[in-house]
2 protein chains.
Amino acid sequence: MAAVTSNQEKAGPSICGYHFQWLALLAKSLLELARQAKKLGEDDPRRIINSLKAGLSIILVSLFYYVEPLYSSFGVNTTSAVMTAVVIFEFSVGATLGKGVNKMLATLGAGALGLGVHRLATLSGKTGEPIVIDLFVFAIAAMATLARIFPRLKAKCDYGLMIFILTFSLVSVSSYREENIQKMALERLLTITVGCFIAILVNICICPVWIGEDLHNLVALNIEKLGIFLQGFGGEYFEMYEEGLPSKDRSFLQGYKSVFNTQSREENMANLARWEPGHGRFRFRHPWEQYLTIGSLTRQCAIKIDPSLEIPSQVKEHCTMISLECGKALKELSSSIRMMIRAETTLLHIGNSKIAAENLKSFLYQACGKKQTR
Amino acid sequence: MAAVTSNQEKAGPSICGYHFQWLALLAKSLLELARQAKKLGEDDPRRIINSLKAGLSIILVSLFYYVEPLYSSFGVNTTSAVMTAVVIFEFSVGATLGKGVNKMLATLGAGALGLGVHRLATLSGKTGEPIVIDLFVFAIAAMATLARIFPRLKAKCDYGLMIFILTFSLVSVSSYREENIQKMALERLLTITVGCFIAILVNICICPVWIGEDLHNLVALNIEKLGIFLQGFGGEYFEMYEEGLPSKDRSFLQGYKSVFNTQSREENMANLARWEPGHGRFRFRHPWEQYLTIGSLTRQCAIKIDPSLEIPSQVKEHCTMISLECGKALKELSSSIRMMIRAETTLLHIGNSKIAAENLKSFLYQACGKKQTR
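Throughout, residues of each chain are indexed from 1 in the direction in which the sequence is written. Lettering for chains starts from A, numbering for ligands starts from 1, and both go in the order in which the items are written. Owing to the predicted nature of the model, reporting of local features is limited to residues with pLDDT of at least 70; listing and counting of side-chain atom pairs is limited to 80 or more, with chain, interface and lining totals taken over all residues. No hydrogens and no water enter the side-chain calculation; it runs on all heavy atoms of the structure.

(A) Molecular detail of the overall build of chain A. Comment: elements are numbered from the N terminus, with helices defined as DSSP H or I runs of at least four residues and strands as E runs of at least two. Check the secondary structure of chain A and you find 13 helices and zero strands. Listed N to C, the secondary structure of chain A is α-α-α-α-α-α-α-α-α-α-α-α-α in terms of helices and strands. The classification of residues rests on relative accessible area computed with a 1.4 Å probe and restricted to protein chains. Under 20% of the type maximum is buried, over 50% is exposed, and intermediate values are partly exposed. The burial tally for chain A puts 45% of its 374 residues in the buried class. Accessible surface, chain A: about 19,700 Å² in total, of which carbon and sulfur atoms supply 65%. Here the Shrake-Rupley method, with its probe set to 1.4 Å, supplies the accessible areas, and only the displayed protein chains count as covering residues.

Structure, rendered in structure tokens:
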């Protein structure tokens, strides 16, 4: 008996210990989470505002449940409004508008088509009805799924096609059981429209995030990164290499490498920016696709400037001159994009770097030529 | 009167002409669409099969409407099953499983939390109820929206978080009007589970598309592209340049550039591949993240091999040797990844190319050195 008690006593604190350890671990990871959230919020405070906006739009839609005259007009279909507001609400105006318009148009089209199929199916009697409905649902769902592979359609209305399949299947299949399918489809369309409008209004009216502006700044930032790298390249890079610093201390040279990974992000942003109405200096039909051209040229440029660690010291001077002047030109281009003004001195820097490049070329050819003729 | 008739006669054919033009244009664009669809289908026949699978899964779910005992057990909530099957169904097994598991877990968690909030809200009377519900909905929706910005959570359960917000808002807000909210939430969970299972079963059992295998092949293909480029570089590139062919005829050299744009695609594929069960030579915990390492090394390699058009003819021989041997080594690495075997001769080719590189380096240093000392 004494042995058992002592065993329990031994087990007691150790189990408690485990509990404390477990609690400490939980507290630690929660703290870590809070720390990360704070950092992400500081990096981009619009994220915090966005999450509050998302909460607000759901609250506004929920009023359709609480306020009697609103609820009695929509009834059970009010769920569609809540679902729509949650699904439509995105970080940027472009994404929210794109999803909203896609959802409304797809619901309208698919609802009408579903009602048409219902009419056709009722002609074939109660046993034939589900077969006719299913034939149409199969054919149209398969075709719409296939349509989603076209790159153009995928970029512009992938979400719309999914909603089209969803609404069409829902309306046609429900029509088998539902007495008044027309009323249901109409109510669904109305509630979805209400949900869309609330989400879009909240998104645009409270601290709107324009994805077009983000694209504009991203493209300018990428050019600036190359400029900073090239300007620093000559001075710091050669010095550090000569001082024999380990390669990890040269990590500042890696900054421009992030330029390589932005292509798909830029394409997505340009697609979403097309939905945005005019604002500030960006008009409605701002040439967004030209940012993609600039972005792809920036990446081509980044490929060319990837540095080799072993540049003979004899060509150092030429290289420093070229990279310095290119860097200045790129930084000016970047700020001229940012400000939307034309920079006059860029051509001067480009000219200087061309002269330096010619000097380097003639030096190298002379050197190699001399070697061979000997 | 005669003038009017002649006007009408004039207008008649021209309007007809417009109609014909319009019809011809429509027919032309439909033909073009069919041609593109055929080409996309030939490029990847799995797309065609996938769209038929998507249609089939909706048909299977629709049986819940048509078959009496099934319909009577779920009732109106059967709509959730149709919606789930449409939304969950994706091209690959990984994406479908990921979305399905996310949807089921999020619905379960959010449903339970929603019921809890409903209990809490009923304690505060009929007037206090909507206020308490809305406070919780606002707080939880805002927090879950904020959680979606964490890169790790976004990669793994972005969809789950959205469904969590959706279900939680739906259950808590509906609880204000619905008499038997518990029954509704349970039926919703059941129908969603049924929809998920049907979509997942159809996706896995009929010609499954494993995204892990696609990632495996993509990584191998990218290495192979670099190999093909390097092997062809020495021979064809120098010849074409010497023959003075215009740069558009050298477009075959651009093939490897597609390597640069696959990073985000690879990351997405690796995230989805984690959901896939073991199949063939890929076990359940296949080290998918290592493909990302290989992919990023491939891109670093591609940056290095971007060719300059002006290589002095004196170093041509060395360059040809280096690129030929590197190309052979890369092609062998690619096929050894594809076959999952170890290639023995790769090291030999790498050794050869290292020797050629040393030769080139000493040639260049000697050349430049000689130039300066003179």
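(B) Expanded view of the packing of helix H2 (residues 46-66) of chain B against helix H8 (residues 181-205) of chain B. Residues and elements named next belong to chain B. Following both chains from N to C, one finds H2 and H8 inclined at 145°, their axes separated by 9 Å at the closest point. Crossing angle aside, the handedness with which H2 passes H8 is right-handed. In contact with Lys53, Leu56, Ser57, Leu60, Val61 and Phe64 of H2, H8 contributes Val194, Ile198, Ala199, Val202 and Asn203. Here the nonpolar group is Ala, Val, Leu, Ile, Met, Phe, Trp, Tyr, Cys and Pro; Asp, Glu, Lys and Arg are the charged ones; every other residue, Gly included, is treated as polar. Classifying every residue of the contact of H2 with H8 gives eight nonpolar, two polar and one charged. Comment: axis = line fitted to C-alpha atoms, over the contacting stretch for helices; angle = value between 0 and 180 degrees taken between N-to-C directions. In a left-handed crossing the near helix is turned counterclockwise from the far helix by less than a right angle, and in a right-handed crossing that turn is clockwise. Contacts are assigned to residue pairs that have any heavy atoms within 4.5 Å of one another.

(C) Highlighting the interface of chain B and chain A. If you look at the interface, chain B gives 70 residues, while chain A gives 70 residues. By definition, a salt bridge exists where a carboxyl oxygen of Asp or Glu is found within 4 Å of a side-chain nitrogen of Lys or Arg. Between chain B and chain A we count two salt bridges in total. Two residues, Glu68(A) and Arg177(B), come together in a salt bridge whose shortest N-O distance is 2.9 Å. Polar contacts, as counted here, are pairs of nitrogen or oxygen atoms within 3.5 Å of one another; within protein the pair requires one atom able to donate a hydrogen and one able to accept it, and residues that are adjacent in sequence qualify only if both atoms are side-chain atoms. Counting across the interface, chain B meets chain A through 11 residue pairs in polar contact (both at pLDDT 80 or more). No other element matches the 13 residues that H2(B) contributes to the side of chain B that touches chain A.

(D) Region of interest: the domain arrangement of chain A. All names here are of chain A. Domain boundaries shown here were taken from an automatic or database domain assignment. Each domain of chain A was delimited in the assignment, giving domain 1 (46-205) and domain 2 (211-373). When two parts are brought into contact, each loses some accessible area as probed by a 1.4 Å sphere; the total of that loss over both is the buried area. Taken together, the two surfaces of domain 1 and domain 2 that pack against each other cover about 730 Å², and 67% of this comes from carbon and sulfur. Our enumeration of links across domain 1 and domain 2 arrives at one salt bridge. Of the charged contacts, one joins Asp214 and Arg46 as a salt bridge, the two residues approaching to 3.1 Å between their closest N and O atoms. Here domain 1 is connected to domain 2 by two residue pairs in polar contact (both at pLDDT 80 or more). The leading source of residues in the side of domain 1 that touches domain 2 is helix H5 (residues 93-122), at seven residues. Among the residues forming the side of domain 1 that touches domain 2, the class breakdown is five nonpolar, four polar and two charged.

(E) Quick peek at the pattern of salt bridges. All names here are of chain A. Counted under the stated rule, the structure contains 28 salt bridges over all chains. For the salt bridge of Lys361 with Glu358, the shortest nitrogen-to-oxygen distance reads 3.7 Å. Pair noted here: Lys361 and Glu358 are both in helix H13 (residues 346-373), with a separation of three residues, about one helical turn. Taking the relative accessible area as the measure of exposure, Lys361 reaches 30% and is therefore partly exposed.

(F) Region of interest: the relation of the copies chain B and chain A. Mapping chain B onto chain A leaves a residual RMSD of 0.1 Å; the transformation is a rotation of 180° accompanied by 0.0 Å of translation along its axis. On the angle and the small slide along the axis, the relation comes out as a two-fold axis. The share of interface residues of chain B whose copies in chain A are also at the interface is 100%, consistent with both copies meeting through the same surface. When the copies are superposed, the least-squares fit takes in the C-alpha atoms of residues with a pLDDT of at least 70 in both.

(G) The UniProt feature "transmembrane region" (unreviewed entry) in chain A, seen in detail. Residues and elements named next belong to chain A. UniProt positions are given in the numbering used here, feature names are shortened, and annotations may be inferred rather than shown by experiment. When the UniProt feature table is mapped to this numbering, "transmembrane region" (unreviewed entry) covers residues 48-67, 105-125, 131-150, 159-177 and 189-211. Secondary structure over residues 48-67 splits into 95% helix and 0% strand, and the C-alpha atoms at its two ends are 29 Å apart. The span residues 131-150 is 85% helical and 0% strand by assignment, and the distance between its end C-alpha atoms comes to 30 Å.

(H) Structural context of helix H7 (residues 151-174) of chain A. Look at H7(A): 32 Å from first C-alpha to last across 24 residues, which is about the 34 Å you get at 1.5 Å a residue. Axes are fitted to the seven residues ending at a residue and to the seven starting at it; the angle between these axes is taken as the bend at that residue. Along its length, H7(A) shows its largest kink, about 85°, at Cys157(A). To estimate how far a helix should extend, the number of its residues minus one is multiplied by 1.5 Å.

(I) Up close: the packing of helix H5 (residues 93-122) of chain B against H8(B). Residues and elements named next belong to chain B. Put simply, H5 and H8 touch, their axes get as near as 9 Å, and they point 175° apart. In terms of axis orientation, H5 runs roughly antiparallel to H8. Of H8, the residues touching H5 (which contributes Val93, Thr96, Leu97, Gly100, Lys103, Met104, Thr107, Leu108, Leu115, His118 and Arg119) are Ile181, Gln182, Ala185, Leu189, Ile192, Thr193, Cys196, Phe197, Ala199, Ile200, Asn203 and Ile204. Broken down by class, the residue content of the contact of H5 with H8 amounts to 14 nonpolar, seven polar and two charged. For this classification, under 35 degrees means roughly parallel, over 145 means roughly antiparallel, 65 to 115 means roughly perpendicular, and everything else is oblique.

(J) Local environment of the environment of Cys207(A). Residues and elements named next belong to chain A. Tracing the sequence through the fold places Cys207 in the loop between helix H8 (181-205) and helix H9 (211-242). Between the C-alpha atoms of Cys207 and Leu230, which are 23 residues apart in sequence, the distance is 37 Å. Among all residues touching Cys207, those that are not within four sequence positions of it are Ile49 and Lys53.

(K) Structural detail: a nonpolar patch on the surface. All names here are of chain A. To count toward a patch, a residue needs a relative accessible area over 30% and no salt bridge; like charges are then connected within 9 Å, while nonpolar side chains (Val, Leu, Ile, Met, Phe, Trp, Tyr) are connected within 5 Å. On the surface, Ile48, Ile49, Leu52, Leu56, Leu60, Leu63, Val67, Leu70 and Ile206 cluster together into a nonpolar patch covering about 600 Å² of accessible area. Examining the composition of the nonpolar patch, we find that six residues originate from one element, helix H2 (residues 46-66), more than from any other. Mapping Ile48 onto the fold places it in helix H2. A residue is classified by how much of its surface remains accessible, and Ile48, at 34% relative accessible area, is partly exposed.

(L) Representation of the environment of Pro287(B) within the structure. One can find Pro287(B) in the loop between helix H10 (263-273) and helix H11 (289-304). Separated by 17 residues in sequence, Pro287(B) and Ala270(B) have C-alpha atoms that sit 9.3 Å apart.

(M) Representation of the packing of aromatic side chains. The pairing test for Phe, Tyr and Trp rings, Trp by its six-membered ring, is centres within 6.5 Å, and the orientation test on the planes gives stacked under 30 degrees, edge-to-face over 60, and tilted for anything in between. A full pass over the atoms with the stated rule returns nine aromatic pairs over all chains. Residues Phe282(A) and Trp288(A) carry aromatic rings whose centres are separated by 5.6 Å and whose planes lie at 15° to one another, so their mutual orientation is stacked. Comparing Phe282(A) with Trp288(A) shows no difference in burial state: the two are buried. Here the aromatic cluster, defined as three or more aromatic residues joined through ring pairs, consists of Phe282(A), Trp288(A) and Tyr291(A). Only when the NZ atom of a Lys or the CZ atom of an Arg is both within 6 Å of the ring centre and within 35 degrees of the ring normal do we say a charge sits over the ring. Here the basic side chain of Lys99(B) rests over the ring of Tyr159(B), its NZ or CZ set 5.0 Å away from the ring centre.

(N) Here's a closer look at unusual backbone geometry. We note that Met340(A) has phi near 60°; this positive angle belongs to a residue other than glycine. For Met340(A), the position within the fold is in the loop between helix H12 (316-339) and H13.

(O) Representation of the side chain of Glu187(B) in the model. Residue and element names in this part refer to chain B. The residue Glu187 is located in helix H8 in this model. Using a relative accessible area of 16% as the deciding quantity, one classes Glu187 as buried. Beyond its immediate chain neighbours, meaning those up to four positions away, Glu187 contacts Ser73, Phe74 and Asn77.

(P) Local environment of the state of the cysteines. Residue and element names in this part refer to chain A. For this text, the term disulfide refers to a pair of cysteine sulfurs within 2.5 Å. Taken as a whole and judged by the stated rule, the model has zero disulfides over all chains. Sulfur of Cys157: no disulfide; nearest cysteine sulfur belongs to Cys196 and is 15 Å away. For Cys326, which is in no disulfide, the shortest distance to another cysteine sulfur is to Cys301 and amounts to 7.2 Å. The partly exposed category is assigned to Cys326, whose relative accessible area is 27%.

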